[in-house]
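Fold and contact review
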Amino acid sequence: ELQQRGLQPNVITYSALISTCGNGGQWEKALELFDEFERRGLEPNIITYNALISACGNGGQWEKALELFDELQRRGLEPEIITYNALISACEKG
């Protein structure tokens, strides 16, 4: 819908959408949005990964949360306290 209005989604837009999906328990949709995000050639930041890890945690997908944690480090991103809290929460729920 954003594109139909002539707006180009960016890392902030996608991170917010991913976070919203995660808060609503729609972890699969959050991952779909991330795939779309990458297809557009956008670079995720730590906020994007925090939202993804939280989304997976809310959906009981602790293994995927761990995979995302590894991925963000491979990309050279530095985990922060929010990242660790989301990861711990994901593992706790799993």
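Model, not experiment: these values are computed from the prediction. (Residues numbered from 1 in each chain as written. Predicted model: local features only at pLDDT ≥ 70, side-chain atom pairs only at ≥ 80, totals over all residues. Heavy atoms only, no water.)

1. Side note on the confidence of the model for the protein chain
Per-chain confidence: the protein chain averages 94 in pLDDT, with 97% of residues scoring 70 or above. Across the protein chain, element-level confidence peaks in helix H4 (residues 62-74) with a mean pLDDT of 98 and bottoms out in helix H1 (residues 11-23) with 95. (pLDDT = per-residue confidence, 0-100. Helix = DSSP H or I, 4+ residues; strand = E, 2+ residues; numbered from the N terminus.)

2. Here's the deal with H1
An α-helical segment advances 3.6 residues per turn. Residues three or four places apart therefore align on the same side. Here H1 contains 13 residues, and its C-alpha end-to-end distance of 18 Å stays within 8% of the 18 Å for a straight helix at 1.5 Å per residue. Restricting attention to buried positions, one finds in H1 the residues Tyr-14, Ser-15, Ile-18, Cys-21 and Gly-22. Along H1, the residues classed as buried sweep out an arc of 125° about the axis, all on the same side. For H1, the exposed residues lying more than 90 degrees away from the buried face are Ile-12, Thr-20 and Asn-23. Buried residues along H1 sit in contact with helix H2 (27-39) and helix H3 (46-58). Where H1 terminates, the next one or two residues include Gly-25, which has phi positive at roughly 80°. (Expected span 1.5 Å × (residues − 1). Buried < 20%, exposed > 50% of the residue type's maximum accessible area, 1.4 Å probe, protein only. Arc of directions from axis to C-beta. Contact = heavy atoms within 4.5 Å.)

3. Details of the packing of H1 against H3
It is the contact of H1 with H3, at a shortest axis distance of 8 Å, that shows an interaxial angle of 15°. By the angle between their directions, the pair H1 and H3 is classed as roughly parallel. Crossing of H1 against H3: the hand is left-handed. Counted together, Val-11, Ser-15, Ile-18, Ser-19, Gly-22 and Asn-23 of H1 and Ile-47, Thr-48, Ala-51, Leu-52, Ala-55 and Asn-58 of H3 form the full contact between these two elements. Of the residues that constitute the contact of H1 with H3, the class distribution is six nonpolar, six polar and no charged. (Axes fitted to C-alpha atoms, helices over the stretch in contact; angles between N-to-C directions. Parallel < 35°, antiparallel > 145°, perpendicular 65-115°, else oblique. Left-handed = near helix turned anticlockwise from the far one by under 90°. Nonpolar A, V, L, I, M, F, W, Y, C, P; charged D, E, K, R; others polar.)

4. Digging into the state of the cysteines
What the rule picks out here adds up to zero disulfides. No disulfide involves Cys-56; its nearest neighbouring cysteine sulfur is the one of Cys-91, lying 11 Å away. (Disulfide = S-S within 2.5 Å.)

5. Re the packing of H1 against H2
It is at 8 Å that the axes of H1 and H2 come closest, and there the two elements cross at 165°. By the angle between their directions, the pair H1 and H2 is classed as roughly antiparallel. Both H1 and H2 take part in a crossing whose hand is left-handed. The residues of H2 that touch H1, namely those facing Val-11, Tyr-14, Leu-17, Ile-18 and Cys-21, are Lys-29, Ala-30, Leu-33, Phe-34, Glu-36 and Phe-37. Within the contact of H1 with H2, the residues separate by chemical class into nine nonpolar, no polar and two charged.

6. Points about the pattern of salt bridges
On inspection of all chains with the given rule, the structure shows five salt bridges. Across the pair Arg-40 and Glu-36 runs a salt bridge whose closest N-O atoms are separated by 3.9 Å. You can call Glu-36 partly exposed: its relative accessible area is 29%. In this structure, the salt-bridge partner of Glu-67 is Lys-64, at a minimum N-O distance of 3.5 Å. Highlighted residues: Glu-67 and Lys-64, both in helix H4, separated by three residues, approximately one helical turn. Given the relative accessible area of 45%, Glu-67 is considered partly exposed. (Salt bridge = Lys/Arg side-chain N within 4 Å of Asp/Glu carboxyl O.)

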